[in-house]
Amino acid sequence: MSDFLWWRDGVIYQIYPRSFMDSNHDGIGDIPGIIQKLDYLKDLGIDAIWLSPVYPSPDNDFGYDISNYCDIDQKFGGIEAFDIFLEESHQRSIRVVMDLVLNHTSDQHEWFQQSKSSRNNPYRDWYIWKEARDGGKVPNNWQSRFGGSGWEWDSTTEAYFFHMFSKKQPDLNWRNPKVFNEILDIIKFWLDKGVDGFRLDVFNAYYKDENFQNNPHQIGLAKFDQQKHIHDLDQPEMFDFLKAFRQLLDSYPERYAVGETFMGDYHTAATYTGDQGLHAAFEFDFLNNHYKPSSFYKTIQQWENVLDQKGWPNYVLNNHDVIRSASRYTKSEDDDRLKVLATLMLTLRGTPFLYYGEEIGMRDIPIERKSDVLDPVGRQFWPFYKGRDGCRSPMQWNPEQNAGFSDATPWLPVHNNHHWRNVHSQSGDPDSLLNYYKKMLHIRKSTPVLQKGMYLPITYDPQKILAFVRQTSEQTALIALNFSKRNVGLVLSSQLLTGDWKLLISNKRDTFPVIRDRKILLEGNEALVILQG
Ligand code: NOJ
Ligand code: CA
């Protein structure tokens, strides 16, 4: 397809590098490991890889605490491995999206080490330092998402510094033009290397209110949720950065940026997209849906409406911060519902983001003891919240030891179900979830209407059916999803049913369904895609 635009028409696959494939027997996934699996990804049918951070990091937050922005950690293979990875990916027409964590650095970053060494250090103003208030109190009521006050006392220079996440992740002072310019240089460094895009971690937190006003109170569970974040998030200065950033991206061909709108709803996310901002922003309501047509219908509709002509939608069911969709939506090891969701993800108007292992229906590993928890958030909030280790377990490649992920003990346990839930076993089973994803991905790629067509909802029944059409002037596709276990009839208008239709895919049948009295009878948990034109 000549006008194929990878980030709009393609599918992006997120890899959590520590957990994908270990090539050097240390129990930690690495870049040479990912290179070994590029043919698997090509065959699966994805178009781009988003790599969670691979920069040098002391791993307090497993890479989301960066100590050097222009290098790759040796545990992942160093910059040499990255260069090969980039080339090998591009040879297979797979683009590479890097994770940029620019709200904060690691406390081990040279800039912070300098900054905290003395009040006169040239890097002092690269972070957010404030005097104690009234004989020692914190400067204001801002909180850390990871628990407690956002202010940490530094005894060397007798001042507080601000951290929105852990105290080992001090926030940069974006109001300092030196920080702003340095960051643009870092982005240029990666663009010049040839990376295709960026995912911006919590970008809407970069700027904080310059007067450090207290956030107003609201009702919520955690302390952080008991505030309206009007002074520590979503400050107007963000748009100046986005403009400069976008100009830089646009000076290279086909570069892309997607932002993680922290704590933001779909309205907030949409404000950051467009020609002067990001190509896309994540909207997380979608992954909080119940397994109900009404829930999905609503979140799709609100995202379509708010983006209107302005931005391109994207959809995500999984990432490294949430319980896997397989564990959220199924209590058993049955994959029926996951096929319905795979069909939804890959037929909506918008870029689908898949998370490693989603294609084989990986479940979260159980987290039973506090002493097993590695995620700093889980250690902080145990037992109310057990953290994010569950969704970060090693990729299940085969039924062998450590699921073929590593010869050594993996950094997180492999799920017990790997003996039968793994890539190798599912490849050989024509009815597996993996083969369903592959088929669906290839259908999406070869059916222009599924990429570019407009989205027209037809109907939804609160508990049972969600049906919609994708349409261009040449093609119409009808997608009908039965969320219930029982057979359900979908009644269609006679206009819609004129002309020749063919079956594109169904998880329950191989031939075109019988239509009687304008009604298609869907089997329980059926996902059906038919095409005209
Ligand atoms: C959002 C990332 O997705 C999460 O994993 C991380 O802990 C925080 N940002 C802090 O960087
Ligand atoms: Ca390794």
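Residues numbered from 1 in each chain as written. Chains lettered and ligands numbered in written order. Predicted model: local features only at pLDDT ≥ 70, side-chain atom pairs only at ≥ 80, totals over all residues. Heavy atoms only, no water.

Caption draft 1: The sheet that holds strand S15 (residues 488–491), seen in detail. Within the open sheet, the three strands sit side by side as S15-S18-S17. Their pairing is antiparallel. If you trace the sheet from one side to the other, it starts and ends with S15 and strand S17 (515–516), each paired once. Alignment of S17 against strand S18 (residues 519–522), held across two bridges, turns out to be antiparallel. By the bridge assignment for S18, Ile515 is matched with Ile520. (Pairing = 2+ DSSP bridges. Helix = DSSP H or I, 4+ residues; strand = E, 2+ residues; numbered from the N terminus.)

Caption draft 2: Examining empty space enclosed by the protein more closely. Counted by the stated rule, this structure contains four cavities of 30 Å³ or more. By volume, the largest cavity is sized at about 60 Å³. Around the largest cavity, the lining residues are Leu317, Asn318, Arg324, Ser325, Ala326, Leu338, Leu341, Glu358, Gly361, Met362 and Tyr437. When residues of the lining of the largest cavity are traced back to their parent elements, those giving at least two are helix H10 (325–329) and helix H11 (336–347). Of the residues that constitute the lining of the largest cavity, the class distribution is six nonpolar, three polar and two charged. (1 Å grid on protein atoms, 1.4 Å probe; cavity = no way out; pocket = protein on both sides within 12 Å on 5 of 7 lines; lining within 4 Å. Points joined across faces, edges and corners; volume = space filled by probe spheres on them. Nonpolar A, V, L, I, M, F, W, Y, C, P; charged D, E, K, R; others polar.)

Caption draft 3: Fine view of the domain arrangement of the chain. Annotation of the chain at the domain level lists domain 1 (6–104 + 177–442), domain 2 (110–162) and domain 3 (453–532). Between the C-alpha centres of domain 1 and domain 3 there is a distance of 31 Å. Taken together, the contact between domain 1 and domain 3 spans 21 residues of the former and 25 residues of the latter. Of the roughly 2,000 Å² buried where domain 1 meets domain 3, counting both sides, 72% is carbon and sulfur surface. Broken down residue by residue, the surface that domain 1 buries against domain 3 is led by Pro293, Tyr297 and Val340, which jointly contribute 29%. The residue Asp336 makes a salt bridge to Lys508 at a minimum N-O spacing of 3.2 Å. Joining domain 1 to domain 3, the criterion identifies five residue pairs in polar contact (both at pLDDT 80 or more). (Domains from an automatic or database assignment. Contact = heavy atoms within 4.5 Å. Buried area = accessible area lost by both parts, 1.4 Å probe. Salt bridge = Lys/Arg side-chain N within 4 Å of Asp/Glu carboxyl O. Polar contact = N/O pair within 3.5 Å; in protein donor to acceptor, adjacent residues only side chain to side chain.)

Caption draft 4: Region of the structure containing the site of ligand 1. Every one of the 13 residues lining ligand 1 counts as a neighbour, but Asp61, Asp201, His320, Asp321 and Arg388 are closest to it. Contacts to ligand 1 include Asp61, whose side-chain N or O atom sits 2.6 Å from an oxygen atom. A distance of 3.1 Å is found between an oxygen atom of ligand 1 and a side-chain nitrogen or oxygen belonging to Arg199. Relative to its unbound accessible surface of 290 Å², ligand 1 loses 97% to contact with the protein. More than half of the atoms belonging to ligand 1 lie within 2 Å of the grid points that define the largest pocket. (Near = heavy atom within 4 Å. Areas by Shrake-Rupley, 256 points an atom, 1.4 Å probe, with all protein chains shown as cover. Sits in = over half its atoms within 2 Å of the grid points.)

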